[in-house]
Amino acid sequence: MNNLRGIALIILSMAAFATEDMFVKALTTGLSVGQVMFMLGLGGALCFAAAALYQSQALFTPLLRSPMLLLRTVSEGFAAFFFVTALSNTDMSTVAALFQATPLAITLGAALFLSEKVGWRRWAAILVGFAGVLVIIRPGLEGFQPSTLLVLGTVAAIATRDLVSRRLPRDMSSVVVSFHGFGALVIVGAALILLGPAAPQGLNAAQSGQVLGAVVFGVLGYYAIVIATRTGDASVITPFRYTRLIFSMLLGMVVFAERPDLWTYVGSGLIIGSGLYAVLRERRLSARSRR
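All values reported here derive from a predicted model rather than from experimental measurement.

(A) View of the nonpolar core. Membership of the largest hydrophobic core comes to 57 residues, with the highest contact counts inside it found for Val 24, Val 36, Leu 40 and Phe 48. With near-sequence residues (within four places) excluded, Val 24 lies in contact with Val 36, Leu 40, Val 84, Leu 87 and Ala 214.

Shown next, in the form of structure tokens:
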């Protein structure tokens, strides 16, 4: 029952994140990336700050005593910058497809920087997955969009964030960690506003609703995924993270009239197939080591 609940929560989380992406992409059609990041970060930070204060948790002391939290926060800021910028210039479905390479990047980073043992089968899965990335991006060929490279920046920053998260103190509250993650968006967004050519604009009714929707679904998605990872077995629920691509493609088609081409589907299949194999292989090795 715990695993079934975890699966339901992870699917809910992926749907919420895809919906947040839809609102963010809609906002970037009329507002600068910096302003969008600042508003989203402020809304999310206020939500998690209220939750932390309600639980009588210190907000800033953990940042001073944990260099890993600082590094994680910086990685979150870079990830958000690359992701929002990519969404503003690239089809939502393409961004979502490339983003699915994140688990493979985490496995690669764990092998290179954390000395985790990765066998030849998972190395092969990583190579196949990144071949799928090349199929989608098609560097040097007709249809290549330089903005898709920003998604790879997002993947690298998210992988760094998640690897660093493994080194956070076990007693550090997830609510406080989330507060600092959204706080990074506020800082980066403010810097982009100050350095950018476009001045902040007032919001109309539609944009105000989009900001509210992005914050609500972003916080909902984050909260759901935290509960899911604490409820179900990671090896069971992780494959369902790929449902985000389904939701993103559907929303891209319905809301933005996107039509992914054949190569996007082929590349997505390679990324998801290799990612699922890597997860199942790790699950089998873990089960074997427990015997």
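(B) A look at the packing of aromatic side chains. Enumeration over the complete set of coordinates arrives at seven aromatic pairs. Their ring planes at 75 degrees and their centres at 5.8 Å tell us that Phe 48 and Tyr 222 sit as a pair that is edge-to-face. Of the two residues, Phe 48 is situated in helix 2 (residues 33–54) and Tyr 222 in helix 10 (residues 205–231); the sequence distance between them amounts to 174 residues. Take Phe 48 and Tyr 222: they sit in the same class, and that class is buried. Grouped by ring-pair contacts, the aromatic residues Phe 48, Phe 182 and Tyr 222 constitute a single cluster. Above the ring of Phe 256, the side-chain terminus of Lys 25 is found at 5.8 Å from the ring centroid.

(C) Geometry of the pattern of salt bridges. Taken as a whole, this structure holds five salt bridges when the rule is applied. The residue Arg 244 makes a salt bridge to Asp 21 at a minimum N-O spacing of 2.8 Å. Here Asp 21 lies in helix 1 (residues 2–28) and Arg 244 lies in helix 12 (residues 243–256), a separation of 223 residues in the sequence. For the pair Arg 244 and Asp 21, a shared accessibility class is recorded, and that class is buried. Of the charged contacts in the structure, one is a salt bridge between Arg 138 and Asp 261, with a shortest N-O distance of 2.9 Å. Separated by 123 residues along the polypeptide, Arg 138 in the loop between helix 7 (120–137) and helix 8 (149–165) and Asp 261 in the loop between helix 12 and helix 13 (262–290) bring together distant segments of the chain. Since its relative accessible area comes to 15%, Arg 138 is described here as buried. One salt-bridge network, held together by shared partners, links Arg 72, Glu 76, Arg 161 and Asp 162.

(D) Structural view of helix 9 (residues 174–195). Taking 1.5 Å per residue, 22 residues should reach 32 Å; helix 9 reaches 32 Å between its end C-alpha atoms and fits that length. Where helix 9 begins, the capping side chain belongs to Ser 173, and its oxygen is found 3.1 Å from the backbone nitrogen of Val 175.

(E) Region of interest: the environment of Leu 112. Within the fold, Leu 112 resides in helix 6 (residues 102–113). The class of Leu 112 is exposed, set by a relative accessible area of 53%. Sequence-wise, Leu 112 and Leu 70 are 42 residues apart; in three dimensions their C-alpha atoms are separated by 22 Å.

(F) Quick look at helix 1. Its 27 residues give helix 1 an end-to-end C-alpha distance of 39 Å, which sits within 8% of 39 Å, the value for a rise of 1.5 Å per residue. Among the 27 residues in helix 1, 19 count as buried, and that is most of the element.

(G) Here's a closer look at unusual backbone geometry. With phi around 60 degrees, Ser 56 is a residue other than glycine that occupies positive phi space. For Ser 56, the position within the fold is in the loop between helix 2 and helix 3 (61–65). Relative accessible area serves as the criterion here: at 69%, Ser 56 is assigned to the exposed category. Here the phi dihedral of Ala 257 falls at roughly 55 degrees; this positive angle occurs in a residue that is not glycine.

(H) Local environment of the side chain of Ser 274. Here Ser 274 lies in helix 13. On the accessibility criterion, Ser 274 (6% relative accessible area) is buried. Polar contacts involving the side chain of Ser 274 include one to the main-chain amide nitrogen of Gly 129, which spans 3.4 Å. Setting aside anything within four residues of it in sequence, one finds Ser 274 in contact with Leu 104, Ala 125, Val 128 and Gly 129.

Reading the values: the criteria
- Residues numbered from 1 in each chain as written.
- Predicted model: local features only at pLDDT ≥ 70, side-chain atom pairs only at ≥ 80, totals over all residues.
- Heavy atoms only, no water.
- Core = buried A, V, L, I, M, F, W, Y, C linked by side-chain atoms within 4.5 Å.
- Buried < 20%, exposed > 50% of the residue type's maximum accessible area, 1.4 Å probe, protein only.
- Contact = heavy atoms within 4.5 Å.
- Phe/Tyr/Trp six-rings, centres within 6.5 Å; stacked < 30°, edge-to-face > 60°.
- Helix = DSSP H or I, 4+ residues; strand = E, 2+ residues; numbered from the N terminus.
- Lys NZ or Arg CZ within 6 Å of the ring centre and 35° of its normal.
- Salt bridge = Lys/Arg side-chain N within 4 Å of Asp/Glu carboxyl O.
- Expected span 1.5 Å × (residues − 1).
- Polar contact = N/O pair within 3.5 Å; in protein donor to acceptor, adjacent residues only side chain to side chain.

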